[in-house]
Amino acid sequence: MDLRARVQSCIDQELRTQATVLDELGPDVTDLLDRIGSLLAGGKRLRAAFLYWGHRAAGRPDSDELVRLATAMEFFQAAALIHDDVMDDSDTRRGMPAAHRALAAVHTERGWGGDDERFGVAGAILAGNLCLTWTDELVATSGLPAGDLARGREVFDRMRTQLMAGQFLDVVDSVRPWDDLPSAERIERAQRVIRYKSAKYTVEHPLLIGATAGGLPDSDLAHLSSYGLDLGHAFQLRDDLLGVFGDPESTGKPAGDDLREGKRTVLIAHTLNGADDAGRQLLRSHLGNPDLDDSTVDHLRAVITASGAVDAVEDEISTLAARARTSLAAATGISPEARPVLDALVEISTSRTA
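Starting from 1, residues in each chain are numbered consecutively following that chain's sequence as written. In keeping with the model being predicted, local features are shown solely for residues with a pLDDT of at least 70 and side-chain atom pairs are shown and tallied solely at 80 or more, while totals for entire chains, interfaces and linings include all residues. Based on all heavy atoms of the structure, the side-chain values leave hydrogens and waters out of the count.

Nonpolar cores were defined as sets of buried Ala, Val, Leu, Ile, Met, Phe, Trp, Tyr and Cys residues, with membership established by side-chain atoms within 4.5 Å. Under the scheme applied here, a residue whose accessible area is under 20% of the maximum for its type counts as buried, over 50% as exposed, and between as partly exposed, the area being computed with a 1.4 Å probe on protein chains only. Counting residues in hydrophobic clusters, the biggest one holds 68 residues, and the most contacted among them are Phe50, Leu224, Tyr227, Ile334 and Leu342. Only DSSP runs of H or I covering at least 4 residues are called helices, and only runs of E covering at least 2 are called strands; the numbering of each starts at the N terminus. When residues of this core are assigned to their parent elements, the largest contribution, 14 residues, is made by helix 4 (residues 64–88). Apart from residues lying up to four places away in sequence, Tyr227 is in contact with Phe50, Val203, Leu207, Ala324, Ser327, Leu328, Leu342, Leu345 and Val346. Core analysis: the next-biggest nonpolar cluster, separate from the first, contains 26 residues, Trp178, Ala234, Val244 and Leu259 among them. By the convention used here, residues are in contact when the closest approach between their heavy atoms is within 4.5 Å.

Structure (structure tokens):
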């Protein structure tokens, strides 16, 4: 069975276990479990893969215990996605209604009292919190040796703390004045959000949790850290491009959804720098409008492309991917089994259809 299938099997088993724990509360909590289960039925499993192959890079063998530890990353991501969708007021996730929208629809369908949207947000926050709790349980009960888990625990704790604060950086930057900033500062702020909201928890931290728990020497850990940061950064830049230009069938979100949400990405920072006055005015007047129609999205895409922003971001993705491979090559102590997989993950993580 391949890693993705094994992770899914572990997810399904954990959800069954937690359903048993919640049985005594009665059927009302089934709605939370259903939303979590639907979200965890999809995804690329990249974070689980990076943890798994970080551990294998240290020369450790495959095991069901390692897969269980890797699966914890999927529950952690689920928590982040559920909460992120609430903060962004997103309608969809992976081609389905976002958790808060789905729960609001349940409230409406059943004719309950009170505000359906408030109910949905409250339920989604709690669903995300459950995923955080189960993340910790999966780590603690993975079955790997206690000494190994203790070594990886510091990185695990740092990942959780920095991601939550990174989410807040994104919230702060979404409301802080942006238009009058120098171009370099807009880009720097967007890069900082990428580092702490995405790059670290997507690649670097899962990889280092696995490698540190496996006992990889510090010199190789440093190279894997550089590999992970650069690759995680490139992954998010690709995601930002897909958020504007991606196919909804692949992304699971409406075309141009990042424009409707008003995300202040590196792509948008480059656009404001390179567009003409008319293009900048069009972007500023429509960015963050939740009611953008497809025609306006197309016009904004044209402005972004003409500004040179797409080419600039593509060049940065290529540079970061090359740097990641250089760092991987410098990690001479990693296992021969892990090296080709980690190299392949560079392409997988930065693909134009990622």
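Any carboxyl oxygen of Asp or Glu within 4 Å of a side-chain nitrogen of Lys or Arg constitutes a salt bridge here. For the coordinates displayed, the defined rule picks out 31 salt bridges. The partner of Asp157 in a salt bridge is Arg153, and the shortest N-O contact between them spans 3.1 Å. Of this pair, Asp157 and Arg153 both sit in helix 7 (residues 146–175), four residues apart, roughly one helical turn. Salt bridges here are not isolated pairs; linked through shared partners, they connect Asp88, Asp258, Glu261 and Lys263.

Moving on, we come to the layout of surface pockets. The volume enclosed by the second largest pocket comes to roughly 250 Å³. As for the second largest pocket, its lining consists of twelve residues, and the residues nearest its centre are Arg4, Lys44, Arg45, Leu46 and Ala49. Where the lining of the second largest pocket is concerned, the elements lending two or more residues are helix 1 (3–22), helix 3 (46–57) and helix 16 (338–350). When residues are sorted by character, Ala, Val, Leu, Ile, Met, Phe, Trp, Tyr, Cys and Pro go into the nonpolar class, Asp, Glu, Lys and Arg into the charged class, and all the rest, Gly among them, into the polar class. When its residues are assigned to classes, the lining of the second largest pocket shows eight nonpolar, no polar and four charged. Grid points spaced at 1 Å over the protein atoms alone were grouped into cavities, where a 1.4 Å probe fits but cannot get out, and pockets, open sets with protein on both sides within 12 Å along at least five of seven lines, with lining residues defined by an atom within 4 Å of a point. Grid points are joined across faces, edges and corners, and a volume is the space filled by probe spheres set on the points.

In total, this model carries one cavity of 30 Å³ or more according to the counting rule given. Reported here for the largest cavity is a volume of approximately 50 Å³. Around the largest cavity, the lining residues are Leu69, Val139, Asp148, Leu149, Gly152, Arg153, Phe156, Ile209 and Ala213. For the lining of the largest cavity, the secondary structure elements donating two or more residues are helix 7 and helix 8 (183–213). The leading source of residues in the lining of the largest cavity is helix 7, at five residues. Residues belonging to the lining of the largest cavity are distributed by class as follows: six nonpolar, one polar and two charged.

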